[in-house]
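# Commentary on secondary and tertiary structure
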Amino acid sequence: MKNKRVFVTGGAGIIGTALVEKLLEQHYEVFVGDLKPCPKRWLGKVRYRQGDLNEMIADEIQAFDPHVVFHLAATFERSEESYPFFGENYHHNILLTHHLLNCIKDNKSLSRFVLASSYLIYNPDLYQSSTERKGVCSLTENSQVLPRNLCGAAKFHNELELEFLSHFKGDISFLAARIFRVYGRGSRDIISRWIRSALRKEKLTVYRPEGKFDYIFADDAAEGLLRLAATHESGIVNLGTGRARSINEVLKILKFHFKDLEIEDIPSDIFFENSEASVQKLESLTGWKPPHNLETGIEKLIEFEKSTMSASSIGHKEAKANVLITSISKKMPLISAVRQAASKTGLYTFVYGCDSHISCIGQYGVDEFWNCPTTDRLSIDDFISYCQEKNVKALIPTRDDELGYFAENKERLAESGIHTMISEKNAIETCLDKYKFAQVLTKHQLSAIKTELSLQNIKAEKYVVKERRGAGSQSIGLNLPKEETLKHSKSLKDPIFQPFIEGKEWSVDLYRTKEGHVKGIVARQRNLVVGGESQVTTTVNYPALEQLCHQIADHLNLYGHAVFQVIEDWEGKLHVIECNPRFGGASTASVAAGLDSFLWFLMETAGISLESVLFLRSKKEIKQVRYIADKIILEQ
């Protein structure tokens, strides 16, 4: 398989986990979607989307632009399907596959779509009976189809949709792998459940031990999918071992490992099963067959379950940490981005928010709101006490006026186990003082816009006058003649003067690690600016601009997320206006493009090194439009 970008749905499942591990080993760029949190070992190594993929929009997939899609996401029940499964099956097995196909069918780069289907599609009369039969039914790809339950029917419907699309999308090959009985690490399959029971010295209850199944180890199922994806085959292929093994054989292997194992055979009227996969087509296409037999697979599972039980029995589980966002105001997109990052890690439970305004809109986006005093009336001891009471380990300041407070107390907070996304005090002071910032950059020839304390030191046709400290858009005088500039400056507390330069407006978002490495950087054009913030912004691949901001971040020794504001004049010269050493109002566009700043910060907070973490920038550019949205809350 020569393609490099791979999207895996259900990637945190039993087969998906093994598949993603193999893809990472072979250095593919991987995008995973799953309801579960991202496995800790994958954090920063894959692009991860946690949540219901029915809610995914086509643009999310197209931004990644995959060459190959493995669709593994599904729900199933091993024994009798329960009443709630009626809705679950439709939502996760039928609706999701249709939605995914609809999202990707017109993707330009996609050349391969592989569906994890099931042998439950085959007519059960071929391999099930009320009395024990001699011999085993070898199911071929041409065996009669009559889905045995809702899950099988859903998979058959999925296959029909693939067949339908194959008539119209000749540039995409669609393959359905009918997978037989999978068992593997961390699974709910019967073999794994029996091993866990045996380790706990519990009695096993068994029904119809004479039944025979084609058991395939999850690692082999993943390898088989990879090998099939590397072929040009379309249509149906069985994925199993080609050898049926009885439940009695499984129990015999378990007894070998657990000498005192107790087994109770419960009489039952369930059907006997005698099935195995015909794997002639699989072997012909791939030149491969699954290497694990039950003996080697079960041995690996026992070791896995032993290590899992041992890890969980060491001490008590520490309560998950929480995150606190300060000055939440109406920053609902920022809150949502933090929540998504916390959810991805699986290491944080609640997202708290605080603000000095009791009626702030942001309180409706956090799990708990703290109407706190302003920082000039809030002692650091009281702040730390609140964080410790709420088990807050990660702190994200979001307002210019409070950055100095948190930079001043960064060490105190760290000593109390509270990690803050804030640069050192001297870096914050430099960034917040626009005159000092410009002087430092000018001294080191880093393309700062000319900035002076006196208008007499600047010669220009039009001018900009603004406060030396604080948000740049506050009380700004923009594109003014000299007389009006002087008049406007008298209304300011501590004015600075700059020439007015016409051209393109740029913002550059970056994240710099605690080791001092810029992990990722994204430039975006400010297409529409209202009140100093981008209402419409578009990411752009601009190496020269990115390199300039990278140099400045290194020189200032920034930490965490920072946003640079830059003007490019009509001659192409860059003029750096300012640096906001925090997450910006429209920085969520860069997050969508792969700059996962909050995830990286939360990983560092949890003690996870970002050294091997990849910056997986979107292959397609992102345009973000910011607008007011409604949130409906049902009153209790």
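Let me begin by describing the structure that accompanies this report.

Criteria and cut-off values
Residue numbers run consecutively from 1 along every chain, following the written order of its sequence. It should be noted that, the model being predicted, local features are given only for residues of pLDDT at least 70 and side-chain atom pairs only at 80 or more, the latter also being counted only at that level, while totals for whole chains, interfaces and linings use all residues. Note: side-chain values were computed over all heavy atoms of the structure, leaving out hydrogens and water. Candidate patch residues must exceed 30% relative accessible area and have no salt bridge, after which like charges are joined if within 9 Å and Val, Leu, Ile, Met, Phe, Trp or Tyr side chains if within 5 Å. All accessible-area figures derive from a Shrake-Rupley calculation using a 1.4 Å probe, and residue coverage is judged against the displayed protein chains alone. Here, a salt bridge means any side-chain nitrogen of Lys or Arg that lies within 4 Å of a carboxyl oxygen of Asp or Glu. We count a stretch as a helix when DSSP gives it H or I for four or more residues in a row; a strand needs E for two or more, and each element gets its number in order from the N terminus. For the exposure calls, accessible area comes from a 1.4 Å probe over protein chains only, and a residue counts as buried if that area is under 20% of its type's maximum, exposed if over 50%, partly exposed in between. Here, axes are lines fitted to C-alpha atoms. For helices the fit covers the stretch in contact, and angles between N-to-C directions go from 0 to 180 degrees. Here the angle decides the label: under 35 degrees means roughly parallel, over 145 means roughly antiparallel, 65 to 115 means roughly perpendicular, and every other value means oblique. Note: crossing handedness is left-handed where the near helix turns anticlockwise from the far helix by less than a right angle, and right-handed where it turns clockwise. It only takes one pair of heavy atoms within 4.5 Å for two residues to be counted as in contact. In the scheme used here, Gly and all other residues not listed as nonpolar or charged are polar, with Ala, Val, Leu, Ile, Met, Phe, Trp, Tyr, Cys and Pro taken as nonpolar and Asp, Glu, Lys and Arg as charged. Counted as a polar contact is a pair of N or O atoms within 3.5 Å, where, for protein atoms, one must be capable of donating a hydrogen and the other of accepting one, and residues adjacent in sequence contribute only when both atoms are in side chains. We treat two strands as partners when DSSP finds at least two bridges between them. Take the buried Ala, Val, Leu, Ile, Met, Phe, Trp, Tyr and Cys residues and link them wherever side-chain atoms come within 4.5 Å; each set so joined is a nonpolar core. By definition here, a helix of n residues has an expected span of 1.5 Å times n minus one.

Turning our attention to a nonpolar patch on the surface. A contiguous nonpolar surface patch, about 300 Å² in accessible area, is contributed by Ile-361, Tyr-364 and Ile-633. Of note, Ile-361 is situated in the loop between β19 (348-355) and β20 (368-371). You can call Ile-361 partly exposed: its relative accessible area is 47%.

For the rest of this paragraph, the subject is the packing of helix α12 (residues 400-408) against helix α14 (residues 425-432). Their axes nearest at 9 Å, the elements α12 and α14 cross at an angle of 160°. With respect to their mutual orientation, α12 and α14 come out roughly antiparallel. Where α12 crosses over α14, the handedness of that crossing is left-handed. Only Lys-425, Ile-428 and Leu-432 of α14 make contact with α12, whose side of the interface consists of Asp-400, Leu-403, Gly-404, Ala-407 and Glu-408. Tallied by class, residues from the contact of α12 with α14 come to four nonpolar, one polar and three charged.

We now examine the packing of helix α1 (residues 14-25) against helix α6 (residues 218-229). Interaxial distance between α1 and α6 falls to 8 Å at its minimum, and their mutual angle equals 60°. Considering the angle they form, α1 stands oblique to α6. Considering only the axes of α1 and α6, their crossing is right-handed. Where α1 approaches α6, its residues Ile-14, Ile-15, Ala-18, Leu-19, Lys-22 and Leu-23 are matched on the opposing element by Ala-218, Asp-219, Ala-221, Ala-222, Glu-223, Leu-225 and Leu-226.

Looking at the element boundaries, Ala-593 is found in the loop between α18 (588-592) and α19 (597-605). Using a relative accessible area of 0% as the deciding quantity, one classes Ala-593 as buried. In sequence terms Ala-593 and Thr-539 are 54 residues apart; their C-alpha atoms lie 7.6 Å from each other. Those residues in contact with Ala-593 that lie beyond four places of it in its chain are Arg-47, Val-522, Thr-539, Leu-616, Arg-617, Ser-618 and Ile-622.

Turning our attention to helix α5 (residues 190-199). Counted residue by residue, α5 has seven buried out of 10 residues, so it is predominantly covered. Listed in full, the buried residues belonging to α5 are Ile-191, Ser-192, Trp-194, Ile-195, Arg-196, Ser-197 and Ala-198. For α5, the N-terminal cap is Asp-189; the gap from its side-chain oxygen to the backbone nitrogen of Ile-191 is 3.0 Å. Backbone geometry just after α5 places Lys-201 at a positive phi near 60°.

Okay, the sheet that holds strand β23 (residues 463-467) next. Spatially, three strands are ordered β24-β23-β25 in an open sheet, and the strand pairing comes out antiparallel. Lying at the two open borders of the sheet, with one neighbouring strand each, are β24 (477-480) and β25 (495-499). Strand-to-strand twist across the sheet, computed as the mean angle between neighbouring axes with direction ignored, equals 20°.

Glancing now at the sheet that holds strand β5 (residues 112-118). Across the sheet, which stays open at both edges, the seven strands sit in the order β3-β2-β1-β4-β5-β8-β13 with parallel pairing between neighbours. Each end of this open sheet is capped by a strand with a single partner; those strands are β3 (47-50) and β13 (235-239). Each strand axis lies, on average, 15° off the axis of its neighbour in the sheet, ignoring direction. Alignment of strand β8 (residues 173-179) against β13, held across five bridges, turns out to be parallel. Each bridged residue has a counterpart across the sheet, and for Ala-177 the counterpart in β13 is Val-237. Against the sheet, helix α4 (residues 150-166) touches β5, β8 and β13, its axis set at about 155° to β5.

Buried together is how nonpolar side chains tend to be arranged in soluble globular proteins. Counting residues in each nonpolar core, the largest one holds 102 residues, and the members touching the most others are Phe-70, Ile-191, Leu-239, Leu-254, Ile-298 and Phe-598. When sequence neighbours within four positions are dropped, the list of residues in contact with Leu-254 reads Trp-194, Ile-195, Leu-204, Leu-261 and Ile-298. Of all hydrophobic cores here, the second largest spans 28 residues; its members include Ala-438, Ala-523, Tyr-542 and Leu-545.

To continue, consider helix α10 (residues 332-345). Here α10 spans 20 Å end to end across 14 residues, near enough to the 20 Å set by a 1.5 Å rise per residue. By the burial criterion, the buried members of α10 are Leu-334, Ile-335, Ala-337, Val-338, Ala-341, Ala-342, Lys-344 and Thr-345. Check the buried side of α10 and you find it contacts β3, β18 (321-325), β19, β21 (392-396), α18 and α19. Trailing α10 by a residue or two, Gly-346 shows a phi angle of about 70°, which is positive.

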